[in-house]
Amino acid sequence: TIETKATETDDHRYTVTSKLRLRPTADDDYVDYTCQARHQAIPEDRPMQTTVQLSVLWYIPGEAIRRGQHVELVCRSRGGNPPAQLIWYKNGNQARMAYRTTDRLSENVYAFVAEASDNKARLRCEANNIMATKILKTEVILNVLFAPTQVIVSGPSEARIGDSVSLQCQTTASNPAADIKWVINGKQMSNATSKIVPSPEGKTH
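Predicted, not measured: the structure shown is a model, and the values here were computed from it. (Residues numbered from 1 in each chain as written. Predicted model: local features only at pLDDT ≥ 70, side-chain atom pairs only at ≥ 80, totals over all residues. Heavy atoms only, no water.)

Enquirer: What is the right way to read the overall build of the protein from this model?
Expert: When you go through the protein residue by residue, the secondary structure sums to zero helices and 19 strands. In the protein, buried positions account for 24% of the 205 residues. In the protein, the share of contacts with a sequence separation of at least 24, taken over all contacts with a separation of at least 6, comes to 49%. Total accessible area computed for the protein in this model is approximately 14,900 Å², and 50% of it derives from carbon and sulfur atoms. (Helix = DSSP H or I, 4+ residues; strand = E, 2+ residues; numbered from the N terminus. Buried < 20%, exposed > 50% of the residue type's maximum accessible area, 1.4 Å probe, protein only. Contact = heavy atoms within 4.5 Å. Areas by Shrake-Rupley, 256 points an atom, 1.4 Å probe, with all protein chains shown as cover.)

Enquirer: Teacher, can you tell me more about the state of the cysteines here?
Expert: Covalent bonding between the sulfur atoms of two cysteines defines a disulfide. Inspection of every chain in the model, using the stated rule, returns one disulfide. Two residues, Cys-75 and Cys-125, share a disulfide whose sulfurs are 2.0 Å apart. Between Cys-75 and Cys-125, the S-S torsion sits near -80°, and that sign places the bridge as left-handed. With Cys-75 in strand 6 (residues 70-79) and Cys-125 in strand 11 (residues 122-128), this pair connects stretches of sequence that are 50 residues apart. (Disulfide = S-S within 2.5 Å.)

Enquirer: Help me out: how do you make sense of the environment of Ile-87 in this one?
Expert: For Ile-87, the position within the fold is in strand 7 (residues 85-90). With relative accessibility at 9%, the residue Ile-87 sits in the buried group. For the pair Ile-87 and Asn-128, spaced 41 residues apart in sequence, the C-alpha to C-alpha distance is 8.8 Å. Ignoring any residue separated from it by four or fewer positions in sequence, one finds Ile-87 in contact with Gln-94, Arg-96, Met-97, Asn-108, Arg-124, Cys-125 and Glu-126.

Enquirer: I keep staring at a nonpolar patch on the surface and nothing clicks. Help me out?
Expert: A cluster of nonpolar side chains, namely Ile-2, Leu-20 and Leu-22, defines an oily patch on the protein surface of about 300 Å² accessible area. Inspection of the secondary structure assignment puts Leu-22 in the loop between strand 2 (14-20) and strand 3 (33-37). Classification of Leu-22 as partly exposed rests on a relative accessible area of 42%. (Patch = residues over 30% accessible without salt bridge, like charges linked within 9 Å, V, L, I, M, F, W, Y side chains within 5 Å. Salt bridge = Lys/Arg side-chain N within 4 Å of Asp/Glu carboxyl O.)

Enquirer: I would appreciate a short explanation of the nonpolar core in the present structure.
Expert: Inside soluble globular proteins, nonpolar side chains tend to come together where they are buried. Counting residues in each nonpolar core, the largest one holds 17 residues, and the members touching the most others are Trp-88, Phe-112, Leu-123 and Leu-142. Only strand 6, strand 7, strand 10 (105-113) and strand 11 provide two or more residues apiece to this core. (Core = buried A, V, L, I, M, F, W, Y, C linked by side-chain atoms within 4.5 Å.)

Enquirer: So what exactly am I meant to see when it comes to the pattern of salt bridges here?
Expert: Two side chains with opposite charge may pair up if their charged atoms get near one another. For the structure on display, the rule yields ten salt bridges. Across the salt bridge formed by Glu-107 and Arg-100, the nearest N and O atoms sit 2.5 Å from each other. Between Asp-179 and Lys-181 there is a salt bridge; the shortest N-O distance is 3.4 Å. Here Asp-179 falls in the exposed class, since its relative accessible area comes to 61%.

Enquirer: Honestly, unusual backbone geometry in this entry has me stumped. Any pointers?
Expert: With the exception of glycine, the majority of residues adopt a negative phi angle, and the majority of peptide bonds are in the trans configuration. The omega torsion of the bond from Asn-175 to Pro-176 falls at 0°, within 30 degrees of zero and hence cis. In the Ramachandran plot, Asn-91 falls in the positive-phi region, its phi being about 50° despite a non-glycine side chain. Here Asn-91 shows up in the loop between strand 7 and strand 8 (93-96). Phi angles above zero are rare outside glycine, and Lys-120 is one such case at about 70°. If you trace the backbone, Lys-120 turns up in the loop between strand 10 and strand 11.

Enquirer: Got a minute to help me understand the packing of aromatic side chains in this structure?
Expert: The geometry of an aromatic ring pair comes down to the distance between the two centres and the angle between the two planes. Applying the stated criterion to the full structure yields two aromatic pairs. Relative to Tyr-110, the ring of Trp-88 has its centre 6.3 Å away and its plane inclined at 35°; by these criteria the two rings are tilted. Remark: Tyr-110 occurs in strand 10 and Trp-88 occurs in strand 7; sequence separation between them is 22 residues. Ring centres of Tyr-110 and Phe-112 lie 5.0 Å apart, and the angle between their planes is 35°; on these two criteria the pair is classed as tilted. Residue Tyr-110 shares its accessibility class with Phe-112, and that shared class is buried. Ring pairs connect the aromatic residues Trp-88, Tyr-110 and Phe-112, which therefore count as one cluster. (Phe/Tyr/Trp six-rings, centres within 6.5 Å; stacked < 30°, edge-to-face > 60°.)

Enquirer: Explain the pairing of strand 11 here, please?
Expert: Moving residue by residue along a regular strand, the side chains alternate between the two faces of the sheet. Burial within strand 11 is extensive, with five of its seven residues counted as buried. Pairing analysis gives six bridges linking strand 7 to strand 11, with the strands arranged antiparallel. From the neighbouring strand, Ile-87 faces strand 11, where its bridge partner is Glu-126. (Pairing = 2+ DSSP bridges.)

All we've got here are geometric facts, nothing functional implied.
Here's what the structure looks like:
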């Protein structure tokens, strides 16, 4: 959708603001967004205009990465004068501000080694320049696979004949949830019950 508004000042001058709202898809990659200002005092074939292009490259949303994997997220913006400033944010905090420009292309590469704590982390790239009325941004949520670091069995270590004994096996957080099986004297038991408890970093079984 496009919203355009003209505001008149006390000295009868006008300021015009236009807002474009859209939901970008993969097909919008490297599409030029150009804003043109036309006026009777400006030659018809030479309108005032500015162009910006945002392209963010990363793994396909939902694609899993593994703990310990080296990851590079590349944010690129084409067009604009001056070229856009690109900043990466992680969970709302600035993660990387350094970027480079070549001609009218800006690029910011955020490289890191995936940790368990990165699971469900929100990474956002923002593109902005002094002429922009609205910051362009796009976001990805990381899906990091990692195994539990520990398995804990709790319950009584002694019992009398005929007693009812309850033992509990629990893993530390993992993604996805670990599959727990009970094995007694080499034979797998099938009557055990289990539940999955969500945790900030993954799931506990």
